[in-house]
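Structural description and commentary
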Amino acid sequence: MSEDPRNIILLSADALRADHLSSYGYHRETSPVLDDLAQESIRFENAYSASSHTREAVPALLTGEYPDVAIDDGYRLATETVASTLSEAGFATAGFHSNPFVSRAYGFDEGFDHFDDDLHLGQHKLVALAQRALDKLRNRHYARAEEINERSLSWLDSLDDEPFFLWNHYMDTHGPYEPPGEYAMRYADRELSGREAQKLYQRAIDDPESITDEERQLLIDLYDAEIRYNDARIGEFLEALRERGLLEESMLIVTADHGDAFGEHGYYEHPRYLHDEITHVPLIVRPPGGRAEEVETPASTLDVGATIEAAVGAGETADGVSLLKDLADDRVVFCQSRGEDEHSHLRRYASRSAGGACFCERDRESGTIDFGECSGPPLREELEAHVDERVRVENGESVEEDGEVDEEIERRLDALGYK
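Calculation criteria
- Residues numbered from 1 in each chain as written.
- Predicted model: local features only at pLDDT ≥ 70, side-chain atom pairs only at ≥ 80, totals over all residues.
- Heavy atoms only, no water.
- Helix = DSSP H or I, 4+ residues; strand = E, 2+ residues; numbered from the N terminus.
- Buried < 20%, exposed > 50% of the residue type's maximum accessible area, 1.4 Å probe, protein only.
- Contact = heavy atoms within 4.5 Å.
- Areas by Shrake-Rupley, 256 points an atom, 1.4 Å probe, with all protein chains shown as cover.
- Pairing = 2+ DSSP bridges.
- Axes fitted to C-alpha atoms, helices over the stretch in contact; angles between N-to-C directions.
- Disulfide = S-S within 2.5 Å.
- Core = buried A, V, L, I, M, F, W, Y, C linked by side-chain atoms within 4.5 Å.
- Salt bridge = Lys/Arg side-chain N within 4 Å of Asp/Glu carboxyl O.
- Lys, Arg positive; Asp, Glu negative; His and termini not counted.
- Parallel < 35°, antiparallel > 145°, perpendicular 65-115°, else oblique.
- Left-handed = near helix turned anticlockwise from the far one by under 90°.
- Nonpolar A, V, L, I, M, F, W, Y, C, P; charged D, E, K, R; others polar.
- Phe/Tyr/Trp six-rings, centres within 6.5 Å; stacked < 30°, edge-to-face > 60°.
- Lys NZ or Arg CZ within 6 Å of the ring centre and 35° of its normal.

1. Looking at the overall build of the protein chain
The helix and strand tally for the protein chain stands at twelve helices and 17 strands. Burial statistics for the protein chain: of 419 residues in total, 59% are counted as buried. Sequence-distant contacts, at least 24 apart, represent 70% of the contacts inside the protein chain between residues at least 6 apart. Working note: accessible area of the protein chain is about 16,900 Å², and carbon and sulfur atoms make up 43% of it.

Below, the structure written as structure tokens:
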């Protein structure tokens, strides 16, 4: 079967680290669906996100550009996404998710014919107020995978046989870890209420040294259960695609925006660092008809945009390469992250190759660059050259956000541990 896809389907999971998937060697069977999918797909063993948190990682994923180009200083979308490119090429386009940081409030609906960010910003005020009250009552701070699947499949069924681009972003693996129903005790030896899970997660973020070994393991157990739950829902979505005859004529890409930390470097969640636990992500690409292959060469989430555009003959973005081509054995990929609050003047960078990694931090105020761990002089030289290039393209002008962020966004961010 030809690898030229009629449709493009991008499934991304929030805060899903690669080394907690059984298909990536994890000791628990957390991802049987993705394990099976990997057997008929191109699985990239060493894939890294362009950044370590949603506000920079998702823009890079959707544009194929480094975050310092993809978004402005207010984290608003600043360049075209693959949705815009595919829409111009005649594809119907839709996105379904519930992460406030990549909502229409920050311009991420650009290029999508249908964009459901679960925030009800465009609904009648009374409907929105009623929805917010219900969400608070049932402790709901994001749309579960079942909801994302239901909405996206409903949209697919509404199409009139035109080619499409569909992006589903699942929040279930993001903290606070509250696996639903039967999954609550999948790995944990005790069940936590929603309030208890949220308090533990928030304390891990605010005071990581207070987390005991037992509490750390509990957080991991709950996280793994969320992965298993999300994996099952992805399985249901793939089965629905098969029933509709859509999977075999589509290119399917499964990845994550970033990972999550459990104290490996003294922190939890996914702050503005670039260690493996928050940048090493799963990346599985299934062309139409399947193609079983494992790739050890480093890959980047920047490559997703290039792969999509190349697959439909739209050319490749400047910062990524098509994952359907052979990657150079000596390839080096890069990550970046902006500091925040009192560290807003800092920019962190990392380079990774088959031989290791190198890290550095640049102070925008003084212009100094401090290097941390480096596997060797060649990788450091590569990173120095990359940072020099990013300095040249950096905008540097402050762009203020438009107005106040909606109170619903504030509530969601608070529940997700960001406030």
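Moving on from the coordinates now.
2. Remarks on the sheet that holds strand β14 (residues 333–338)
Strand order in the open sheet made by the four strands is β14-β15-β16-β17, with antiparallel pairing throughout. Whereas interior strands pair on both sides, the edge strands pair on one side only; in this sheet they are β14 and β17 (369–374). Within the sheet, the average angular offset between the axes of one strand and its neighbour, ignoring direction, is 15°. Relative to strand β15 (residues 346–353), β14 runs antiparallel, the two being bridged by six bridges. Note that in β15 the partner of Phe334 across the bridge is Ser351.

3. Notes on the environment of Leu61
Along the chain, Leu61 falls in helix α2 (residues 54–63). By relative accessible area, which is 2% here, Leu61 ends up buried. In this structure, the C-alpha to C-alpha distance between Leu61 and Ser300, residues 239 residues apart in sequence, is 9.0 Å. Excluding residues within four positions of it along the chain, Leu61 makes contact with Leu10, Ser12, Thr255, Thr301, Val304 and Gly305.

4. Notes on the state of the cysteines
Counted by the stated rule, this structure contains one disulfide. The disulfide partner of Cys358 is Cys374, and the gap between their sulfur atoms is 1.8 Å. Placement of Cys358 in strand β16 (residues 356–363) and of Cys374 in strand β17 is noted, with a sequence separation of 16 residues between them. A residue is classified by how much of its surface remains accessible, and Cys358, at 0% relative accessible area, is buried. Free of any disulfide, Cys360 has its nearest cysteine sulfur in Cys358, 6.8 Å distant.

5. Section: the nonpolar core
Core analysis: the largest hydrophobic core is formed by 88 residues, its most contacted members being Phe44 and Phe165. The element contributing the most residues to this core is helix α8 (residues 213–243), with twelve residues. Setting aside its immediate chain neighbours within four residues, Phe44 contacts Tyr24, Leu283, Val285, Val295, Ala299, Leu323 and Leu327. Among the nonpolar cores identified, the runner-up in size contains twelve residues, and Val332, Phe334, Cys360 and Leu383 belong to it.

6. Here's the deal with the pairing of strand β1 (residues 7–13)
Of all the seven residues making up β1, seven are buried; the element is thus mostly covered by neighbouring parts of the structure. Of the pairings in the sheet, the one linking β1 to strand β7 (residues 250–256) comprises seven bridges and is parallel in character. If you follow Leu10 over to β7, its bridge partner there is Ile253. Examined bridge by bridge, β1 and strand β6 (residues 164–170) share six bridges and lie parallel to one another. Following the sheet pairing, Leu11 is matched in β6 by Asn168.

7. A word on the pattern of salt bridges
Taken as a whole and assessed by the stated rule, the structure comprises 32 salt bridges. Between Arg151 and Asp118 there is a salt bridge; the shortest N-O distance is 3.0 Å. Residue Arg151 is located in helix α6 (residues 145–158), and its partner Asp118 is located in the loop between β5 (114–116) and α5 (125–137); the two are separated by 33 residues in the primary sequence. With its nearest N and O atoms 2.8 Å apart, the salt bridge here joins Arg233 to Glu236. A residue pair is termed a helical-turn pair when its members lie 3 or 4 positions apart in one helix, as Arg233 and Glu236 do in helix α8 at three residues.

8. Here's the deal with the side chain of Asp231
Here Asp231 shows up in helix α8. Look at Asp231: it is buried, it has no salt bridge, and the nearest opposite charge is Arg228 at 5.2 Å. If we ignore the near neighbours within four places in the chain, the residues touching Asp231 are Thr30, Ser31, Pro32, Val33 and Leu34.

9. Examining the packing of α6 against α8
Two packed helices can be described by the angle between their axes and the distance between those axes. Interaxial distance between α6 and α8 falls to 10 Å at its minimum, and their mutual angle equals 15°. Taken together, the axes of α6 and α8 are roughly parallel relative to one another. Along this stretch, α6 crosses α8, giving a crossing that reads as right-handed. Across the interface between the two elements, Ala145, Glu146, Asn149, Ser152, Leu153 and Leu156 from α6 touch Tyr229, Asn230, Arg233, Phe237, Ala240 and Leu241 from α8. Partitioned by chemical class, the residues of the contact of α6 with α8 number seven nonpolar, three polar and two charged.

10. Regarding the packing of aromatic side chains
By the definition in use, this model includes eleven aromatic pairs. Judged by centre distance (6.2 Å) and plane angle (90°), the rings of Trp155 and Phe164 are edge-to-face. The burial state of Trp155 is the same as that of Phe164; both residues are buried. Linked through ring pairs, Tyr177, Tyr201, Tyr223, Phe262 and Tyr268 together constitute an aromatic cluster. Cation over ring: Arg43 sits above Tyr24, and NZ or CZ is 4.5 Å from the ring centre. Above the plane of the ring of Phe371 lies Arg380, whose end atom (NZ or CZ) is 4.0 Å from the centre.

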